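If you want the building blocks of each chain, they are given just below.
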Amino acid sequence: MIVEPIRWQEGRLTIIDQTLLPGELRYIKLDTVADVWHAIKRLSVRGAPAIGCTAAYGVLVGLRERAPESVDEAYAALAEICDYLDASRPTAVNLGWALRSMRAAADASRGGVDSIADLEQALESEADRIFEENFELCRAIGDHGADVIPDGAGVLTHCNTGPLATGGEGTALSCVIRAHAAGKQLRVYADETRPLLQGARLTAWEMQQAGIPVTLICDNTAAVVLREGKINVAIVGADRIAANGDAANKIGTYGAAVLCHHHGVPFYVAAPYTTFDLSIASGADIPIEYRDPDEVTCGFGPRTAPADIDVYTPAFDVTPAELITGIITEYGILYPPFTESIREAAERREREAGGTAAVPG
Ligand code: MRU
């Protein structure tokens, strides 16, 4: 049984407040668009696909809050709500993708919309579609990615890429979950993921819930477990993948990739098409979020650094494509040269969607 981090029931948006895990599993209601913005910003809901799904439903929350008096007013409000939500976090391209999909659905329905209720119906269908598709994408990624995990493997992972991060089974962790469900013996080595401890608080918790063997390690222990031969494969998620395969993910991912390269351990990135940004040629153009220094110096209570210390706070880094063995997608595993394999996958998606695919970028 996997957790449901996002619920849309009877027109109300509810999420698990992930900042409280693992101590407390609490659902909170997001009744205003500002609630949605802040929930994304403070990481009550986080993980690239989950942010996209939340924002999609957040558009409906915002529209109902604004209570427009005409259809034209509703379309104008919709544009403002999308721009507002899009500014909550910069790195995960899934956010902008979901909001563009919502606007495209509204635009497509424009001729046939007689009332605000019709527009809301079109938007709700699109948000449901995004959410349900995400579920299928996770499952397909897991089925392909399970193949790269040998029986008896140690699997290194970073940050959190499971149900909490996606609303489905996950991306990198879906590979683990499917491999485990297929009967493979494995052990996850979860980087704790400083400074906000998504690995310790969320991945370790999810793996325990799922009954999958997991060992928590400090980020700076990864080199040792690799040298000790405990790791056979590393699989991480991504927040944005450029056209050449450079992949942004939680700060520390790049370091893990360098370590895997040094130790000859394959390093995979797992992500759905909604995480690719083909408008960006390389990782140099991926916008990186910088967060509040307090998250480093006193993120969980007591201050662990001097007051007024200078702190450098990128929340993401970019792993260069040459350190990535393969990118696990819903279509299968893409291999280098990534510029070609990513382009081919995008073209396939366009064809299968009949030319209507909202390919990021
Ligand atoms: O800051 P976060 O917790 O939103 O960062 C999340 C990650 O970096 C995940 O690895 C990424 O979004 C992939 S989630 C399937």
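Because the structure is a prediction, the values reported are computed rather than measured. (Residues numbered from 1 in each chain as written. Predicted model: local features only at pLDDT ≥ 70, side-chain atom pairs only at ≥ 80, totals over all residues. Heavy atoms only, no water.)

## Here we look at the sheet that holds strand β2 (residues 12–16)
Here we have three strands laid out as an open sheet, ordered β1-β2-β3, and antiparallel in their pairing. Pairing within the sheet leaves two strands with one partner each, and these edge strands are β1 (6–9) and β3 (27–30). The sheet shows a mean angle of 30 degrees between the axes of neighbouring strands, taken without regard to direction. Alignment of β2 against β3, held across four bridges, turns out to be antiparallel. In the sheet register, Ile 15 faces β3, and the bridge partner there is Ile 28. Helix α2 (residues 48–66) contacts β1, β2 and β3 of the sheet and is inclined by roughly 30 degrees relative to β1. (Pairing = 2+ DSSP bridges. Helix = DSSP H or I, 4+ residues; strand = E, 2+ residues; numbered from the N terminus. Axes fitted to C-alpha atoms, helices over the stretch in contact; angles between N-to-C directions. Contact = heavy atoms within 4.5 Å.)

## Remarks on the sheet that holds strand β4 (residues 153–157)
Pairing is mixed across the open sheet formed by seven strands, whose spatial order is β6-β5-β4-β7-β10-β13-β14. Only two strands of the sheet have a single partner each, and these edge strands are β6 (214–217) and β14 (332–334). Across the sheet, the mean angle separating the axes of adjacent strands is 25 degrees when strand polarity is ignored. As paired elements, β4 and strand β5 (residues 186–191) share five bridges and run parallel to each other. Within β5, the position partnered with Val 155 by the bridge is Val 188.

## Re the site of the ligand
Around the ligand lies a shell of 18 residues, among which Arg 46, Ala 48, Arg 89, Asn 249 and Lys 250 are the nearest. A distance of 3.0 Å is found between an oxygen atom of the ligand and a backbone nitrogen or oxygen belonging to Gly 47. One nitrogen or oxygen atom from the main chain of Ala 48 is found 2.9 Å from an oxygen atom belonging to the ligand. Relative to its free-state accessible area of 410 Å², the ligand is covered by the protein chains to the extent of 100%. Contributions of two or more residues to the shell around the ligand are made by α2, α6 (163–166) and β9 (247–250). Residues of the shell around the ligand, tallied by class, amount to six nonpolar, eight polar and four charged. Looking at which domains feed residues into the shell around the ligand, each of domain 1 (6–139) and domain 2 (143–352) gives three or more. (Near = heavy atom within 4 Å. Polar contact = N/O pair within 3.5 Å; in protein donor to acceptor, adjacent residues only side chain to side chain. Areas by Shrake-Rupley, 256 points an atom, 1.4 Å probe, with all protein chains shown as cover. Nonpolar A, V, L, I, M, F, W, Y, C, P; charged D, E, K, R; others polar. Domains from an automatic or database assignment.)

## Structural notes on unusual backbone geometry
Each neighbour pair has its own omega, and for Arg 194 with Pro 195 the value is 0 degrees, a cis peptide bond. Mapped onto the fold, Pro 195 is located in the loop between β5 and α8 (198–210). With an omega dihedral of 0 degrees, the bond running from Pro 336 to Pro 337 counts as a cis peptide bond. Summarising the element assignment, Pro 337 is placed in the loop between β14 and α12 (338–352). In the Ramachandran plot, Ala 67 falls in the positive-phi region, its phi being about 45 degrees despite a non-glycine side chain. Relative to the helices and strands, Ala 67 is located in the loop between α2 and α3 (71–86). A positive phi angle, close to 65 degrees, is found at Cys 159, a residue other than glycine. By relative accessible area, which is 6% here, Cys 159 ends up buried. (Buried < 20%, exposed > 50% of the residue type's maximum accessible area, 1.4 Å probe, protein only.)

## Topic: the domain arrangement of the chain
Taken as a whole, the chain is organised into domain 1 (6–139) and domain 2 (143–352). At the interface, 29 residues of domain 1 touch 36 residues of domain 2. When the two sides are added together, the surface that domain 1 and domain 2 hide from each other amounts to roughly 2,700 Å², 53% of it contributed by carbon and sulfur. In this structure, the connection of domain 1 to domain 2 is made through three salt bridges. (Buried area = accessible area lost by both parts, 1.4 Å probe. Salt bridge = Lys/Arg side-chain N within 4 Å of Asp/Glu carboxyl O.)

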